[in-house]
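What follows is each chain in one-letter form.
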Amino acid sequence: MNPGARLVILGKQGAGKGTQAVRLSRHYVVPHVSTGDTFRAAVRSGSEFGKRAQKYLEAGELVPDEVVIGVVRERLTHDDTTHRGFVLDGFPRTVQQAEALMEIVVPQGLDVAIDLEIDTRVVLERLASRRVCSDCGANYSVSDNPPRVPGICDVCGGDVVQRDDDTEAAIRRRLELYDHETAPLVDWFDERGLLARMDGMGSPDQVTERLVTEIDRRKKFRPR
Ligand code: AMP
């Protein structure tokens, strides 16, 4: 295995982005950078920044571009991400964010942006059973992948809960925003030769194997 990778994971809510991003970050030994986890942690901390983010998260609205871009710029200029790489999960979500990202990652650029494709029906089922650790962000599913002890995270012992924004109204709003704001990014990355459309159906292991094969193929063509 060749460590290091510079990856973006795109896909609808519930496509498995969080699950696959954690697995890929372990596989390539790079930080998992999730803007959603960053905002949820800020909300829990009760900071001023968190209070401002809270109203967007609860409504399922997007946090303003300049705020999110500032958070990602700060994180991607640390030594670990500049030297080893990153798995970006939940960013970019608008074309303006994507343009900012390509400036932030100069000169190395990205290896690939993966679009995890999945049926909307499956997405709704997955979101209804999704649970998340409120401390470390690990993902669970009450139907397919429950924690070993109900309500307790296998990884860190934190509380496993349903996300506040996994209500029917907020889910509907997030899927609508995905179609308007985020889906155009798929073509945006494709036009730059950076897109891999990947089937997100199947077990988490099957999907990870599929992604790693494609990422390794792309990495071969990129000088390090
Ligand atoms: P996620 O965990 O990726 O579904 O993100 C949860 C929520 O955090 C979203 O519904 C937004 O309110 C906010 N958020 C996360 N990432 C972004 C982003 N790139 N741009 C704007 N808002 C974001």
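About the criteria used
- Residues numbered from 1 in each chain as written.
- Predicted model: local features only at pLDDT ≥ 70, side-chain atom pairs only at ≥ 80, totals over all residues.
- Heavy atoms only, no water.
- 1 Å grid on protein atoms, 1.4 Å probe; cavity = no way out; pocket = protein on both sides within 12 Å on 5 of 7 lines; lining within 4 Å.
- Points joined across faces, edges and corners; volume = space filled by probe spheres on them.
- Helix = DSSP H or I, 4+ residues; strand = E, 2+ residues; numbered from the N terminus.
- Nonpolar A, V, L, I, M, F, W, Y, C, P; charged D, E, K, R; others polar.
- Near = heavy atom within 4 Å.
- Polar contact = N/O pair within 3.5 Å; in protein donor to acceptor, adjacent residues only side chain to side chain.
- Expected span 1.5 Å × (residues − 1).
- Buried < 20%, exposed > 50% of the residue type's maximum accessible area, 1.4 Å probe, protein only.
- Contact = heavy atoms within 4.5 Å.
- Axes fitted to C-alpha atoms, helices over the stretch in contact; angles between N-to-C directions.
- Parallel < 35°, antiparallel > 145°, perpendicular 65-115°, else oblique.
- Left-handed = near helix turned anticlockwise from the far one by under 90°.
- Pairing = 2+ DSSP bridges.

Asker: Would you mind showing me how to read the layout of surface pockets here?
Answerer: Any space left empty among the atoms is revealed by the rolling of a water-sized probe across them. Of the pockets and cavities examined, the second largest pocket occupies roughly 390 Å³. What lines the second largest pocket is a set of 21 residues, among which R40, A41, R44, R163 and D164 lie closest to the centre. Those elements that provide at least two residues to the lining of the second largest pocket are β2 (32–34), α2 (35–45), α3 (48–59) and β5 (130–133). Sort the elements by how many residues they give to the lining of the second largest pocket and α2 lands first, with 5 residues. Looking at the lining of the second largest pocket, its residues break down into 7 nonpolar, 6 polar and 8 charged.

Asker: Mind showing me how you'd approach the site of the ligand here?
Answerer: Around the ligand lies a shell of 17 residues, among which T35, R40, E61, G90 and Q97 are the nearest. One of the backbone N or O atoms of V63 is found 3.0 Å from a nitrogen atom in the ligand. In the model, a nitrogen atom of the ligand is placed 2.9 Å from a nitrogen or oxygen of the G90 main chain. Considering every element that reaches the shell around the ligand, the biggest residue donor is α2, with 4 residues.

Asker: Explain helix α9 (residues 204–220) here, please?
Answerer: An α-helical turn contains 3.6 residues, so any two residues separated by three or four positions project in the same direction. Along its 17 residues, α9 runs 24 Å from first to last C-alpha, staying within 8% of the 24 Å computed at 1.5 Å per residue. All buried positions along α9 are accounted for by V207, T208, L211, V212, E214, I215, R218 and K219. Residues of α9 that are buried make contact with β1 (5–10), α1 (17–28), β4 (112–117) and β8 (195–199).

Asker: So what exactly am I meant to see when it comes to the packing of α2 against α3 here?
Answerer: Helix-helix packing: each pair is described by the crossing angle between the helix axes and the interaxial distance. Between α2 and α3, whose axes approach to 8 Å, the crossing angle comes to 120 degrees. Viewed along their axes, α2 and α3 adopt a mutual orientation that is oblique. Here α2 runs over α3; the crossing is left-handed. Residues F39, R40, A42 and V43 of α2 form the contact with α3, whose own contacting residues are F49, G50, A53, Q54 and L57. Here the residues of the contact of α2 with α3 sort into 6 nonpolar, 2 polar and 1 charged.

Asker: What exactly am I supposed to notice about the sheet that holds β8 here?
Answerer: The strands making up a sheet associate through backbone hydrogen bonding, with each pair oriented either parallel or antiparallel. Spatially, 5 strands are ordered β2-β3-β1-β4-β8 in an open sheet, and the strand pairing comes out parallel. With partners counted over all chains shown, the strands left at the sheet margins are β2 and β8, one partner each. The mean angle between the axes of side-by-side strands here comes to 25 degrees, regardless of whether they run parallel or antiparallel. Note: β1 against β4, 4 bridges, orientation parallel. Of the residues in β4, the one forming a bridge with L7 is V112.

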